[in-house]
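Observations on the three-dimensional arrangement
Residue-level listing of the chains:
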Amino acid sequence: MSLLFSPLALRDLTLRNRTVIAPMCQYSAQHGLANEWHFVHLGRFALGGFGLVILEATGVLPEARISYGDLGLWDDGQIAPLKRIVDFLHAEGSAAGIQLAHAGRKASTPIAWRNGFDETAQDKLDYAFEAWTPVAPSPIIHTERHPGYTVPREMTVADIAATVQAFAAATSRADQAGFDVVEIHGAHGYLINQFLSPLANKRTDAYGGSRENRMRFGLEVIDAVRAAWPANKPLFIRISATDGVEGGWTVEDSEIFAGEAKARGVDVVHVSSGGFDGASIKPGPLYQVQLARAVRSAGVKTVAVGLISDPADAERILAEGDADLVAFARGALEDPNWAIHAHHILDGAEYDLWPKQARNRIRDKDRVLGLRQ
Ligand SMILES: Cc1cc2nc3c(=O)[nH]c(=O)nc-3n(C[C@H](O)[C@H](O)[C@H](O)COP(=O)(O)O)c2cc1C
């Protein structure tokens, strides 16, 4: 059996394999509530054999959302539609994760596929349009080069404490919804990354200045989430291992942060990069794998992600110790059955990942055609 399709135990959770669906914003919620779109979009990855399906960046407060269409978990009423999705993922053999997020100064931006804020009055009613002034460590706009961003309001120490508590409260709701994994979103130039990076954090209080001070908010979030999350469930954090901008957060910083995160009960670091304007990071096949390897040197488990599409590459990432799990976003949109197909490629005539409704029919077809024997 390949490593990719061997189970992995994390605290009391055993993943059926080491393939992960990376969080993907759908901008398709109203008032933060999951709906039929999310149910079908996510459900097909469980039918497709993935080990862990991580739901999109989910706002811990209304103003934490990237757009008015994001999922939210700031209210108890948002638990039930998420639980329905979690129950389906479980029934089909996948573990369920949720990425808890605060966008900071990158909040209240247009829906990705619209042409800016082009909603008509009717659209605003139909899609529950909302816009607000974002908050951030410092009152510095994300960028002037692209429209859609707003100068944020600088967070007070009381705002910071309330935000940490919002992460904890959302974590309790995630537990009530039945999630197996919480992933804290610390990447892509969003709020935690804004505190970490000298590019966005110009504070002169205990939350800015030295690396220790810039890490304080992220580590407080970790402590609060870990305290609210059952001890038998694993905790992930996603980071941008480097901002890819001169004077920004570096891989060396990430190794230190990952060590601190591990000491506070983080089990897995999901290693991405970028999120600030002007980043020099050039995407290409496997471009972030070496970052996962670097962070793993801090002694923490990692997820590798970013233009991984060949099953042999995914297997090699695990075999060579670059990462412990391998995540997929766009490749899984293209082929929601990627995990099943990769299992056949790596392990031959193994039909266990097919849903029972399809399994024997596919095997019969393969036998007639002389495939995968
Ligand atoms: C449609 C879409 C939505 C995304 N939304 C999120 C998100 O909510 N949170 C996050 O951390 N990354 C998000 N990402 C980034 C992906 O999780 C992933 O890291 C990135 O696409 C690289 O992986 P890939 O090459 O397999 O697509 C998104 C990517 C896509 C394509």
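See the structure above.
Along every chain, residues carry numbers that run from 1 in the direction the sequence is written. Thresholds applied to this predicted model are a pLDDT of at least 70 for local features of residues and 80 or more for the giving and counting of side-chain atom pairs; totals over whole chains, interfaces and linings are not thresholded and use all residues. The side-chain figures draw on all heavy atoms in the structure; neither hydrogens nor water molecules are used.

Here we look at the packing of helix α6 (residues 211-228) against helix α7 (residues 251-263)
In this description, a line fitted to the C-alpha atoms serves as the axis of each element, helices being fitted only across the stretch in contact, and the angle between N-to-C directions of two axes falls anywhere from 0 to 180 degrees. Helix and strand assignments follow DSSP, with helices taken as H or I runs no shorter than four residues and strands as E runs no shorter than two, numbered in order from the N terminus. Packing of α6 against α7 leaves a shortest axis separation of 11 Å and a crossing angle of 40°. Relative to α7, the element α6 is oriented oblique. Both α6 and α7 take part in a crossing whose hand is right-handed. Taken together, the residues of α7 that come into contact with α6 (itself represented by R211, M215, L219 and I222) are E252, D253, I256, F257, E260 and A261. Residue type decides the class: Asp, Glu, Lys and Arg count as charged, Ala, Val, Leu, Ile, Met, Phe, Trp, Tyr, Cys and Pro as nonpolar, and the leftover types, Gly among them, as polar. Tallied by class, the residues present in the contact of α6 with α7 amount to 6 nonpolar, no polar and 4 charged. Any angle between 65 and 115 degrees counts as roughly perpendicular, while under 35 counts as roughly parallel, over 145 as roughly antiparallel, and the rest as oblique. The crossing is said to be left-handed when, going from far helix to near helix, the turn is anticlockwise and less than a right angle, and right-handed when the turn is clockwise. We call two residues contacting when some pair of their heavy atoms lies within 4.5 Å.

Observations concerning the site of the ligand
Nearness is judged by heavy atoms alone; a residue qualifies as near a molecule or strand once a single heavy atom is within 4 Å of it. Taken together, 15 residues sit near the ligand, with C25, Q99, R238, L307 and R330 positioned nearest. Between the ligand and C25 there is a distance of 2.8 Å, counted from a nitrogen atom to a backbone nitrogen or oxygen. Whenever two N or O atoms come within 3.5 Å, that pair is a polar contact, provided that in protein one can donate a hydrogen and the other can accept it, and provided that, for residues adjacent in sequence, both atoms are side-chain atoms. Between a nitrogen atom of the ligand and a side-chain N or O atom of Q99, the distance comes to 2.8 Å. Computed with the Shrake-Rupley method and a 1.4 Å probe, the accessible areas treat only the protein chains shown as cover for residues. Calculation on the ligand without its partners gives an accessible area of 610 Å², and the protein chains cover 82% of this total. Classifying every residue of the shell around the ligand gives 9 nonpolar, 4 polar and 2 charged.

Observations concerning helix α9 (residues 311-319)
Residue pairs three or four apart in sequence face the same way in an α-helix, which turns once every 3.6 residues. Residues P311, D313, A314, E315, I317 and L318 constitute the buried set of α9. Buried residues along α9 sit against α8 (289-296), β12 (301-305), β13 (325-328) and α11 (338-347). Between a side-chain oxygen at the N-terminus of α9 and the backbone nitrogen of A312 the separation is 2.9 Å; the capping residue is D310. Downstream of α9 by a residue or two, G321 has a phi angle that is positive, lying close to 75°. Under the scheme applied here, a residue whose accessible area is under 20% of the maximum for its type counts as buried, over 50% as exposed, and between as partly exposed, the area being computed with a 1.4 Å probe on protein chains only.

A few points about unusual backbone geometry
One non-glycine residue with positive phi stands out, namely Y27, at about 50°. With respect to the helices and strands, the residue Y27 is situated in the loop between β3 (19-21) and α1 (36-47). Backbone geometry at H188 places phi at a positive 60°, although glycine is not the residue there. The topology assignment puts H188 in the loop between β9 (181-186) and α5 (191-196).

Regarding the environment of R216
Within the element layout of this structure, R216 appears in helix α6. Take R216: its relative accessible area is 28%, and that puts it in the partly exposed class. Placed 11 residues apart in sequence, R216 and D205 show a C-alpha to C-alpha distance of 11 Å. Among residues more than four places away in sequence, those in contact with R216 are A206 and Y207.

Some points on a nonpolar patch on the surface
Two distance rules govern patches: like charges are joined within 9 Å, and nonpolar side chains (Val, Leu, Ile, Met, Phe, Trp, Tyr) within 5 Å, applied only to residues with over 30% relative accessible area and no salt bridge. Note on definitions: salt bridges are taken to be side-chain nitrogens of Lys or Arg within 4 Å of carboxyl oxygens of Asp or Glu. A cluster of nonpolar side chains, V368, L369 and L371, forms an exposed patch at the surface whose accessible area comes to about 310 Å². As for its placement among the helices and strands, V368 is situated in helix α12 (residues 356-369).

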